[in-house]
Amino acid sequence: MIWLVFIVFLLALVLRFPIAFALGLACLVYIIGENIPLIIIPMKMFSGIDVFVLLSIPGFILAGNLMNHGGLTAKIITFCNHLLGHIRGGLSLANIGASMLFAGISGTAVSDTASIGSVLIPAMKKEGYDEGFSCAVTASSSTVGPIIPPSVPMIIAATLSGLSVGKLFLAGAFPGFLLGVGLMLVAYFISVKRNYPKHAKNTLKQIGTSLIDTFWALLMTIIILFGIIGGVFTPTEASIIAVLYAFIIGRYVYKNLSFKKVQIIVLDSMKTSASLMVLVGFANLFGWILITERMPQYISNEILDFSTNKYVVLLLINLLLIFVGTFMETVAALLILFPILLKVAITVGVDPIHFAVIAVLNLIIGLTTPPVGVCLFVASSIGKTSITKVSKAALPFLFVSLFVLILVTLIPQLSLFLPELFAE
Amino acid sequence: MIKKVIGKFLKYGTLISTFGLIASVALQIYARFFMSNTPAWTEEASRLFFIYTISFASGLALKDNYFVYLDVFFERLKPSIQDKILLFIHLVIFVLFGLMFYHAVLFVKLGLPEKSASMGTSMSLTFFCMVIMSATMAYYSFLALLKRLK
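What counts and how
- Residues numbered from 1 in each chain as written.
- Chains lettered and ligands numbered in written order.
- Predicted model: local features only at pLDDT ≥ 70, side-chain atom pairs only at ≥ 80, totals over all residues.
- Heavy atoms only, no water.
- Helix = DSSP H or I, 4+ residues; strand = E, 2+ residues; numbered from the N terminus.
- Buried < 20%, exposed > 50% of the residue type's maximum accessible area, 1.4 Å probe, protein only.
- Contact = heavy atoms within 4.5 Å.
- Areas by Shrake-Rupley, 256 points an atom, 1.4 Å probe, with all protein chains shown as cover.
- Lys, Arg positive; Asp, Glu negative; His and termini not counted.
- Charge placed at Lys NZ, Arg CZ, Asp CG, Glu CD.
- Buried area = accessible area lost by both parts, 1.4 Å probe.
- Salt bridge = Lys/Arg side-chain N within 4 Å of Asp/Glu carboxyl O.
- Polar contact = N/O pair within 3.5 Å; in protein donor to acceptor, adjacent residues only side chain to side chain.
- 1 Å grid on protein atoms, 1.4 Å probe; cavity = no way out; pocket = protein on both sides within 12 Å on 5 of 7 lines; lining within 4 Å.
- Points joined across faces, edges and corners; volume = space filled by probe spheres on them.
- Nonpolar A, V, L, I, M, F, W, Y, C, P; charged D, E, K, R; others polar.
- Patch = residues over 30% accessible without salt bridge, like charges linked within 9 Å, V, L, I, M, F, W, Y side chains within 5 Å.
- Axes fitted to C-alpha atoms, helices over the stretch in contact; angles between N-to-C directions.
- Parallel < 35°, antiparallel > 145°, perpendicular 65-115°, else oblique.
- Left-handed = near helix turned anticlockwise from the far one by under 90°.
- pLDDT = per-residue confidence, 0-100.
- Phe/Tyr/Trp six-rings, centres within 6.5 Å; stacked < 30°, edge-to-face > 60°.
- Disulfide = S-S within 2.5 Å.

1. Some points on the overall build of chain B
Across its full length, chain B holds four helices and zero strands. Reading chain B from its N end, one meets helices and strands in the order α-α-α-α. Oriented by its inertia axes, the alpha-carbon framework of chain B measures out at about 65 × 35 × 35 Å. Within the span of chain B, comprising 150 residues, buried residues form 49% of the whole. Sequence-distant contacts, at least 24 apart, represent 70% of the contacts inside chain B between residues at least 6 apart. Here chain B has roughly 7900 Å² of accessible surface; of this, 68% comes from carbon and sulfur atoms. One finds the centroid of the 15 positive side-chain charges in chain B at a distance of 10 Å from the centroid of its 7 negative side-chain charges.

2. So, the interface of chain A and chain B
Across the contact, 51 residues belong to chain A and 56 residues belong to chain B. For the chain A and chain B pair, buried surface summed over both sides reaches about 5100 Å², with 83% attributable to carbon and sulfur atoms. Taken as a group, Arg-16, Phe-46 and Lys-271 of chain A account for 15% of the area that chain A buries against chain B, more than any other trio of residues on that side. At the boundary of chain A with chain B, the tally comes to three salt bridges. Arg-32 of chain B is the partner of Glu-237 of chain A in a salt bridge, and the nearest nitrogen-oxygen pair spans 2.7 Å. Connecting chain A to chain B are seven residue pairs in polar contact (both at pLDDT 80 or more).

3. What about empty space enclosed by the protein?
Applying the stated criterion across every chain, the model contains one cavity of 30 Å³ or more. Size it by volume and the largest cavity reaches roughly 70 Å³. What lines the largest cavity is simply Ile-19, Ala-20, Ser-275, Leu-276, Leu-279 and Glu-329 of chain A together with Phe-67 and Val-68 of chain B. Of all the secondary-structure elements, those providing two or more residues to the lining of the largest cavity are helix H2 (19-33) and helix H13 (259-292) of chain A. By residue number, the principal contributor to the lining of the largest cavity is H13 of chain A, which donates three residues. Along the lines of polarity and charge, the residues of the lining of the largest cavity split into six nonpolar, one polar and one charged.

4. Regarding a nonpolar patch on the surface
Residue and element names in this part refer to chain A. A contiguous nonpolar surface patch, about 660 Å² in accessible area, is contributed by Phe-215, Trp-216, Leu-244, Ile-248, Tyr-252, Val-253 and Phe-259. Listed by contribution, the elements that provide at least two residues to the nonpolar patch are helix H11 (204-229) and helix H12 (235-253). With four residues, the single largest contributor to the nonpolar patch is H12. Note that Trp-216 resides in helix H11.

5. Section: the packing of helix H1 (residues 2-34) of chain B against helix H4 (residues 123-149) of chain B
All names here are of chain B. Close contact between H1 and H4 brings their axes to 12 Å; oriented N to C, the two are set at 140 degrees. One finds that H1 runs oblique with respect to H4. For the pair H1 and H4, the sense of crossing is left-handed. Contact with H1, carried on its side by Ile-2, Lys-3, Ile-6, Gly-7 and Leu-10, involves Thr-136, Tyr-139, Tyr-140 and Leu-143 of H4 and no other residues of that element.

6. Observations regarding the confidence of the model for chain B
Looking at chain B as a whole, its pLDDT mean stands at 91, while 100% of the residues score no less than 70. Listed scores for the predicted complex are pTM 0.83 and ipTM 0.95.

7. Re the packing of aromatic side chains
Summed over all chains, the structure comprises 29 aromatic pairs over all chains. Between Tyr-30 of chain B and Phe-34 of chain B, the ring centres sit 5.1 Å apart and the planes meet at 40 degrees, which makes this aromatic pair tilted. Taken together, the residues Tyr-30 of chain B and Phe-34 of chain B, both in helix H1 and four residues apart, mark about one turn of the helix. Residue class for Tyr-30 of chain B comes out partly exposed when judged on its relative accessible area of 46%. Ring pairs connect the aromatic residues Trp-3, Phe-6, Phe-9, Phe-286 and Tyr-298 of chain A, which therefore count as one cluster.

8. Some words on unusual backbone geometry
Trans peptide bonds make up the majority, and among non-glycine residues the majority have a negative phi. All names here are of chain A. The step from Pro-149 to Pro-150 runs through a cis peptide bond, and the omega angle for that step is 0 degrees. Inspection of the secondary structure puts Pro-150 in the loop between helix H8 (131-141) and helix H9 (152-161). At Asn-195, a position not held by glycine, the phi torsion is positive, near 55 degrees. Assignment of secondary structure puts Asn-195 in the loop between helix H10 (165-194) and H11. Judged by its relative accessible area of 54%, Asn-195 falls in the exposed class. In this model, Arg-294 sits at a positive phi of 55 degrees, which is unusual for a non-glycine residue.

9. So, the environment of Gly-145 of chain A
Residue and element names in this part refer to chain A. Residue placement: Gly-145 occurs in the loop between H8 and H9. Residue Gly-145 is classed as buried on the basis of its relative accessible area, which comes to 0%. The sequence separation of Gly-145 and Phe-102 amounts to 43 residues, and the corresponding C-alpha distance is 7.2 Å.

10. With respect to the state of the cysteines
What the rule picks out here adds up to zero disulfides over all chains. Just so you know, Cys-27 of chain A is unpaired, no disulfide at all, and the nearest cysteine sulfur is the one on Cys-129 of chain B, 18 Å from it.

See below:
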């Protein structure tokens, strides 16, 4: 019966069912087939959503949107351009730098691609950068968003595993930074090779002024991160502090938020959150079915029968997650696979926090992996360029992302040193 | 007319419950720092507002196409086949949430004798969010189905 569930799920995915409903349909087939009372559907959906830490997801999404519409994106880009614009290919470096700073606010890659891409892709094209390269830089750099805190996938991973959100946020920070620096190096070498333009060097005063402009945004990240780590706020409280802060800054400091605009932003953010939460609800039901059918044990035994070597198991898991991440949305893939694979990883001695970083990094790399990388599609539609051209230009960035993944997989301390440092 | 009323109901339901969520969490933080006792009900209230926010917004999310899907294979099909598949998808969503609606009502009945731990309200009030979610999802999938049939 369980194999029929998988077949229905995959078939529904191929037929363009929204992932949440593909899961729902697969669960319905199982429930009817096994004669289980259908009341299990609302019950399991409810228990999947009614989790306190999940409250932080709409909070962070709303805070990111408020900051974005409040005019922050433009200020971050200006600051990065002032800081890095004088280097060869400066605008592409500013693009990656802005993504790294914006990551501290949004927590999702697609919103990063859309907001930064809409400003920087046309600007890069205007300065003579190849359009495929402009889109590829934007798409690739936006993947640092879901790993640098606050991170929606990390909150989901914490909910699924019972790990501390604060520790997971900290664990993702350095790998995210490493990924950003790696992408910058690739962009720089390509820019030197193609002789892309550089701007005149800015004065310290200009850099200082734009830093002050961006200061409010950076302060938000600091408040969120240190509030959670310092035990001052729970992640949910931190997300609401971020919302109130973003509203005050957007309305009274940057003066870009009218009440009407806020209403539209709230509705948009909540619709995004609802689409994620319906997915979480159905994934809870799906997870219950998998446990009933003892699938985690089955998959775990199959992998461990193949090898009990920690690195071979991690290699297998990485390959599986990259493959799945190519086709499936990050949160959906995490909800379905993370609890099963975590069990396997723990059995071979992988630290659960380290594993969460590996899993999230794998899945976000999938966002720029052809042929289905969502960020590639968003960037190509903003840049009005063919997806093939963008995919081809994204390959060097993809290789460096995979290299960072290998480093993070092989060296647990890259993820664990910050949580350990703060735990002390 | 009904379409407009339902749309407005969900829109204001989403906005009010979001502001309720923000207010209850903000009160929780304020109370911890500035009051001698933190009210015990704020965590439960914020969870209640949260699930209602999600329930009100899920129908709107379906209507406005916020759910993520995979269209790489679908795009390669003929438009006439695509139309049929979309019709089938809306039909399945309608059946799924129609069934869920009926059982969500039973779920609400189960909650009638139970009281929430700190607020003291009936759990059926909390479980009622599943009725709103399933009813609005079924409603908007039905509208999409009708639109496709026309």
